[in-house]
Amino acid sequence: MAKNSSRQVGRHFLHIPGPTPLPDRVLRAMDTPIIDHRGPEFAKLAKKCLEGIKTIFKTANPVIMYTATGTGAWEAALVNTLSPGDRVVMVETGQFATLWKKMAEKLDLKAEFIPTDWRTGADPAAIEAKLREDKNKEIKAVCVLHNETSTGCLSNIAEVRKAIDRAGHPAMLFVDTISSLASTDYRHDEWGVDVTVGGAQKGLMLPPGMSFNAISDKALKAAQTAKLPKSFWAWDDMLNMNKIGFFPYTPATQMLQGLAVSIEMLHEEGLENVFARHERLAEATRRAVKAWGLETVCRDPKYYSPTLTAVLLPEGHNADAFRALALDTFNISYGSSFGALTGRYFRVGHLGDINETMLMGALAATEMTLSLANVPHKKGGVQAAMDYLVSQRSAATKQAAE
Ligand code: PLP
């Protein structure tokens, strides 16, 4: 075969766990003239987004929208509710939990980790035990990632809430849903979350550059006395301006144009169908991995992520070289690896605007790369995934006919 072609043919298969591929409809919605951000057309658009986003977080309270990536919304959650020296408990689920903790420390908070081996989610019992030890009720917040994007482990937030309640502790609950929102069930109000952090570039099928804080009444009250310095992130100015459909500064108009459409698309599909689709694609991926005789980083099925699967390669096979080969040969991108397992695994993203056919293309590319890279594996992963997807479709067809 001729080498050194400068053109990659066909569509790039973006299978990192976010940013995710943009639906053409979202792209078209963003490809429109800029409107006056103090004018009536903008106010209508902003109000539509501000109302619509509540249905995604499942909250009746306002949701703050920042012109920032998820990291900004992490900071906003902390600086709006806490004061210097406050104790916060975080669960060390992986790389992103570690980054959030480092941020808390830089902000002069006393952050303590509940450790894990980066191969599971948050254990509600461990959170309960930590809070019970805090006899003086000094801990102000418990911070948990709903989905740890670096490992592919999903935590049960309803159970974390119950654990905090069982301990009889007044700590607030902050949850990062950056790689789970609009892809798997999430209920800000029902689960008693105080601040939910979200991002645009994953389940919401938008480019990076917008992030969210959904807030409870308790968090709003905490904001009245919180002393960490803030200006851009302050909720009060934003809430006041949002009431009339405006922002305290120039908003990301095109992101809002896209967001209005992405929310529309999620409801057209139906949130339950969106969640079921993500579950289906995740299970198909895991079946492929199992059939190949490989292991997932997430070692306990109760934490399996519906949005990404991290796949361990056998000792002696470098996952970064594997990713580079797949990109070069089959025009597909996977996510990289972190922590003690750096170089040992790659992550297959199956979230956002992704269907069965796209997933099968990705899994076929993976199986071909396993062969090309001489990674010891069994054949039949693609077949196992197809069999599962077909069985799910025929079950759905039968059910519809009944
Ligand atoms: N939290 C999680 C779970 C993430 O996956 C990411 C990024 O992928 C972040 C936080 C940081 O968000 P951003 O990179 O958008 O600033």
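Residues numbered from 1 in each chain as written. Predicted model: local features only at pLDDT ≥ 70, side-chain atom pairs only at ≥ 80, totals over all residues. Heavy atoms only, no water.

**Here's the deal with the domain arrangement of the chain**
Logical step 1: Each assigned domain of the chain is listed with its residue range as follows: domain 1 (13-19 + 270-395) and domain 2 (25-267).
Logical step 2: The centre of domain 1, based on its C-alpha atoms, is set 28 Å off from the matching centre of domain 2.
Logical step 3: Contacts between the two partners involve 33 residues from domain 1 and, on the opposite side, 33 residues from domain 2.
Logical step 4: Between domain 1 and domain 2 the total buried area reaches about 2500 Å² when both faces are included, carbon and sulfur atoms providing 59% of it.
Logical step 5: Residue Arg 299 is joined to Asp 117 by a salt bridge in which the shortest nitrogen-to-oxygen separation is 2.8 Å.
Logical step 6: Seen at the junction of domain 1 and domain 2, the total is 16 residue pairs in polar contact (both at pLDDT 80 or more).
Logical step 7: Elements represented by at least two residues in the side of domain 1 that touches domain 2 include exactly helix 10 (271-292), strand 11 (295-296), strand 12 (308-312) and strand 14 (345-349). (Domains from an automatic or database assignment. Contact = heavy atoms within 4.5 Å. Buried area = accessible area lost by both parts, 1.4 Å probe. Salt bridge = Lys/Arg side-chain N within 4 Å of Asp/Glu carboxyl O. Polar contact = N/O pair within 3.5 Å; in protein donor to acceptor, adjacent residues only side chain to side chain. Helix = DSSP H or I, 4+ residues; strand = E, 2+ residues; numbered from the N terminus.)

**Some words on the packing of helix 10 against helix 12 (residues 356-372)**
Logical step 1: Close contact between helix 10 and helix 12 brings their axes to 11 Å; oriented N to C, the two are set at 20 degrees. Between helix 10 and helix 12, the crossing angle belongs to the class labelled roughly parallel. Between helix 10 and helix 12 lies a crossing of right-handed hand. For the pair helix 10 and helix 12, contact is made by Arg 280, Leu 281, Ala 284, Thr 285, Ala 288 and Trp 292 and by Glu 356, Leu 359, Leu 363, Thr 366, Glu 367 and Leu 370, respectively.
Logical step 2: Grouping the amino acids of the contact of helix 10 with helix 12 by side-chain chemistry returns seven nonpolar, two polar and three charged. (Axes fitted to C-alpha atoms, helices over the stretch in contact; angles between N-to-C directions. Parallel < 35°, antiparallel > 145°, perpendicular 65-115°, else oblique. Left-handed = near helix turned anticlockwise from the far one by under 90°. Nonpolar A, V, L, I, M, F, W, Y, C, P; charged D, E, K, R; others polar.)

**So, unusual backbone geometry**
Logical step 1: At the junction of Gly 18 and Pro 19, the peptide bond is cis and its omega measures out at -5 degrees in the coordinates.
Logical step 2: Mapped onto the fold, Pro 19 is located in the loop between strand 1 (13-15) and helix 1 (24-30).
Logical step 3: Positive phi, normally seen in glycine, also occurs at Trp 118, with a value near 65 degrees.
Logical step 4: Residue position: Trp 118 is located in the loop between strand 4 (110-114) and helix 5 (124-133).
Logical step 5: Among the residues examined, Trp 118 registers a relative accessible area of 17% and is labelled buried.
Logical step 6: For Asn 374, which is not glycine, the phi torsion reads 55 degrees and is therefore positive.
Logical step 7: Locating Asn 374 in the fold gives a position in the loop between helix 12 and helix 13 (381-401). (Buried < 20%, exposed > 50% of the residue type's maximum accessible area, 1.4 Å probe, protein only.)

**Some details on the pairing of strand 2 (residues 63-66)**
Looking along a regular strand, one sees the side chains alternate between the two faces of the sheet.
Logical step 1: Residue alternation in strand 2 divides its side chains into two sets, Val 63 and Met 65 and Ile 64 and Tyr 66, and both sets are buried.
Logical step 2: Pairing of strand 2 with strand 10 (residues 211-215), which is carried by four bridges, proceeds in the antiparallel orientation. Residue Tyr 66 lies in a different strand from strand 10, and its bridge partner there is Ser 211. (Pairing = 2+ DSSP bridges.)

**Considerations on the sheet that holds strand 9 (residues 195-199)**
Logical step 1: Taken in spatial order, the seven strands line up as 2-10-9-8-5-3-4 in an open sheet, and their pairing is mixed. Only two strands of the sheet have a single partner each, and these edge strands are strand 2 and strand 4. Taking each pair of neighbouring strands and ignoring which way they run, the sheet shows an average axis angle of 20 degrees.
Logical step 2: Of the strand pairs in this sheet, strand 3 (residues 87-91) and strand 4 are connected by five bridges, and their pairing is parallel. Bridge pairing links Val 91 to Ile 114 in strand 4.
Logical step 3: Contacting strand 2, strand 9 and strand 10, helix 2 (residues 40-57) crosses the sheet at an angle of about 110 degrees to strand 2.

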